[in-house]
Amino acid sequence: VIYFMSLLFKEFFGKAQVEHVYTHFRTVPQSMFTSFRCAFGDCSSSNGVPIFEHVLDHYGPSAGLFYCFFVFTVSVGIMNMIAAIFV
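Trainee: Any chance you could explain the packing of aromatic side chains here in plain terms?
Mentor: For any pair of aromatic rings, the description rests on two quantities: the centre-to-centre distance and the angle between the ring planes. The full count for this structure, using the stated rule, is twelve aromatic pairs. Note on Phe9 and Phe66: the rings are 5.3 Å apart at their centroids and 85 degrees apart in plane angle, and the pair reads as edge-to-face. Of this pair, Phe9 sits in helix 1 (residues 2–13) while Phe66 sits in helix 5 (residues 61–86), and the two are 57 residues apart along the sequence. Grouping aromatic residues by their ring pairs yields a cluster made of Phe9, Phe12, Phe13, Phe25, Phe52, Tyr59, Phe66, Tyr67 and Phe70.

Trainee: Would you mind going over the side chain of Ser35 with me for this structure?
Mentor: Here Ser35 lies in helix 3 (residues 28–39). Looking at Ser35, its side chain comes within polar contact range of the main-chain oxygen of Ser31, at 2.7 Å. Among residues more than four places away in sequence, those in contact with Ser35 are Ile2, Ser6, Phe9, Phe25 and Phe70.

The rules we used
- Residues numbered from 1 in each chain as written.
- Predicted model: local features only at pLDDT ≥ 70, side-chain atom pairs only at ≥ 80, totals over all residues.
- Heavy atoms only, no water.
- Phe/Tyr/Trp six-rings, centres within 6.5 Å; stacked < 30°, edge-to-face > 60°.
- Helix = DSSP H or I, 4+ residues; strand = E, 2+ residues; numbered from the N terminus.
- Polar contact = N/O pair within 3.5 Å; in protein donor to acceptor, adjacent residues only side chain to side chain.
- Contact = heavy atoms within 4.5 Å.

Take a look at the structure:
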């Protein structure tokens with residue numbers, strides 16, 4: 001799931017050189033790392049600027065919905081896996 005979503009994030013957010021966004025999504029490994037961090041709540045740049053606020057400003061609310069769908073899917077999926085292991 002993270003690999004697939006990071007490919008989509010790279011294609012959508014890694015082409016235009018938007019400040020605080022392009023550096024996190026320009027390559028697939030960088031996009032995977034950023035997607036992994038964002039899935040677990042640490043979605044900010046090294047100087048503390050939230051990445052997806054800049055994504056919303058530049059790409060619009062549809063990108064925000066896409067991000068919310070990603071976080072919801074990964075959170076529910078990970079919690080189901082953890083619950084399945086321990087129950």
